[in-house]
Structure formats: structure tokens, C-alpha cells
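Topology and contacts: notes
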Amino acid sequence: MTQIRLTTPLTDADVEKLRIGQQVLISGLIYTGRDAAHKRMVDLIKAGKVNELPFDPKGQIIYYVGPSPTKPGRVVGSCGPTTSYRMDPYAPELYKLGLKASIGKGKRSPEVIEAMKKYKGVYFAAIGGAAALIAKSIKSAKVIAYPDLGAEAVHEFVVEDFPMVVVNDTLGGDLYQEGIKIYAVK
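Residues numbered from 1 in each chain as written. Predicted model: local features only at pLDDT ≥ 70, side-chain atom pairs only at ≥ 80, totals over all residues. Heavy atoms only, no water.

Its twelve residues give helix α2 (residues 35–46) an end-to-end C-alpha distance of 16 Å, which sits within 8% of 16 Å, the value for a rise of 1.5 Å per residue. Residues A37, H38, M41, V42, L44 and I45 constitute the buried set of α2. One side of α2 carries all its buried residues, which in axial view fall inside an arc of 155°. G48 lies just past α2 and shows a positive phi near 75°. (Helix = DSSP H or I, 4+ residues; strand = E, 2+ residues; numbered from the N terminus. Expected span 1.5 Å × (residues − 1). Buried < 20%, exposed > 50% of the residue type's maximum accessible area, 1.4 Å probe, protein only. Arc of directions from axis to C-beta.)

Here it is in C-alpha cells:
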């Protein structure tokens, strides 16, 4: 299978052509955020303070990660994905504002899958168990919001050929469900 190369920010056209199971390499800016950061961002959205968000979600990607401490001579520590369902209560609000993709591990709720269909977004799975390999794709990293959250602060990463797989696409496709069908005993 051919790897698809994309550069952020993403457009509707970029994500509409993606299908579950495709391998994607992302270059450009991506942002990080976990539970506490998502809660803060969605609280701002609900309070009508969208202009106070740490970044404009339109066309962007958010990676569900809390990087481990950075070792000397490195850009960032290991960056393995965290379980995505913990962000499911917040994700639809970000997709509504134009977020084009999220990256994590594990399946998404029906509400998040519906938001991806409605607002033209996708969900990528990062390669589990390859946190050190993923970190090599990160060329620079800086905290841009909520430093009090430590590793869970919002970071801005500059990435090159950041590897992932499409798990949910804009048509509602779900790689986890398709995998179950393929291997189900009949």
C-alpha cells in the first residue's frame, strides 16, 4: 500500500480522500492535548471564548500524548499515544471548530465518529509500542499552553513524516469494526 503524505494545515479535500487502513505520513505542525487540556479548551468554547484557545483548531491535528521527559540532546521524550476515548466527551466541539484529525489509540465513540462525518474529520492511530520511533519524527517541540499540567500541557510539534494509520474516515468507516468482521468466525 502506498503511503499518503500530507502537510498541515489540512483541508476538507485532504481528509475526504482518506480511507480506513491507509498509511499516512504527516509533516508540519501538530498540537498535543490530553484530558485536562481538552476540558479547559472546551470550557473556553462553551463560554464563548474561542479566541482564547491555545491554537486555532481549523485545519489542525491534535495528538493525544503526554511526552516523557526530554533527555539531553533530544527534541522531546518518548511520545506514545494515549487512549483516545478519554477525549471523546470533548472531541466533537473541536471537530465542529474545524479540527481535521486526532491521533491516539483505541476506538472512538459513536458521537465522535458522527462529528467526524458531519465536520469532515478523521482519526489516526499512532503506532503503538513505538514511542521512541515516533519521537524521531518530531523536529521541534514547545509548550504553548497550560504548563501547569506538566507533560499534559499543550505542545506544538513540528513533525516530518509522522507515521500513522487511518482508523476512522469522513464516511464513517471504522478500521476496528472492519477488523472484527474480517477475523470473525462464521
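What follows picks up the thread again.
Further remarks concern the pattern of salt bridges. Pairing of side chains with opposite charge becomes possible as their charged atoms draw close. Under the counting rule described, the total for this entry stands at ten salt bridges. One salt bridge in this structure joins E16 and K120, with 3.4 Å as the shortest N-O distance. With E16 in helix α1 (residues 12–16) and K120 in the loop between α4 (110–119) and β5 (122–126), this pair connects stretches of sequence that are 104 residues apart. Here E114 and K117 are joined by a salt bridge, their closest N and O atoms 3.6 Å apart. Remark: K117 and E114 occur in helix α4; sequence separation between them is three residues, near one turn of the helix. (Salt bridge = Lys/Arg side-chain N within 4 Å of Asp/Glu carboxyl O.)

Before going further, it helps to spend a moment on the side chain of T82. Along the chain, the position of T82 falls in the loop between β3 (61–63) and α3 (91–96). Aside from chain neighbours lying at most four places away, what touches T82 is R34, Y64, V65, M87, G104 and K105. (Contact = heavy atoms within 4.5 Å.)

A separate point is unusual backbone geometry. The omega torsion across T8 and P9 is 0°, close enough to zero to call that bond cis. As for its placement among the helices and strands, P9 is situated in the loop between β1 (4–7) and α1.

Where burial is concerned, most of strand β7 (residues 154–168) is hidden: eleven out of the 15 residues are buried. In this sheet, β7 lies alongside strand β2 (residues 23–32) in antiparallel orientation, the contact comprising eight bridges. Bridge pairing links I30 to F157 in β7. Where β5 lies against β7, four bridges are found, and the strand directions are antiparallel. Along β7, the bridge assignment pairs A125 with V165. Bridging between strand β6 (residues 138–145) and β7 involves six bridges; their strand directions are antiparallel. Of the residues in β7, the one forming a bridge with V143 is H155. (Pairing = 2+ DSSP bridges.)

Relative to the helices and strands, F162 is located in strand β7. Using a relative accessible area of 0% as the deciding quantity, one classes F162 as buried. Once the C-alpha coordinates of F162 and S84 are considered, the two residues, 78 residues apart in sequence, prove to be 18 Å apart. Ignoring any residue separated from it by four or fewer positions in sequence, one finds F162 in contact with V24, L25, I26, I30, Y63, I103, I134, S137 and I138.

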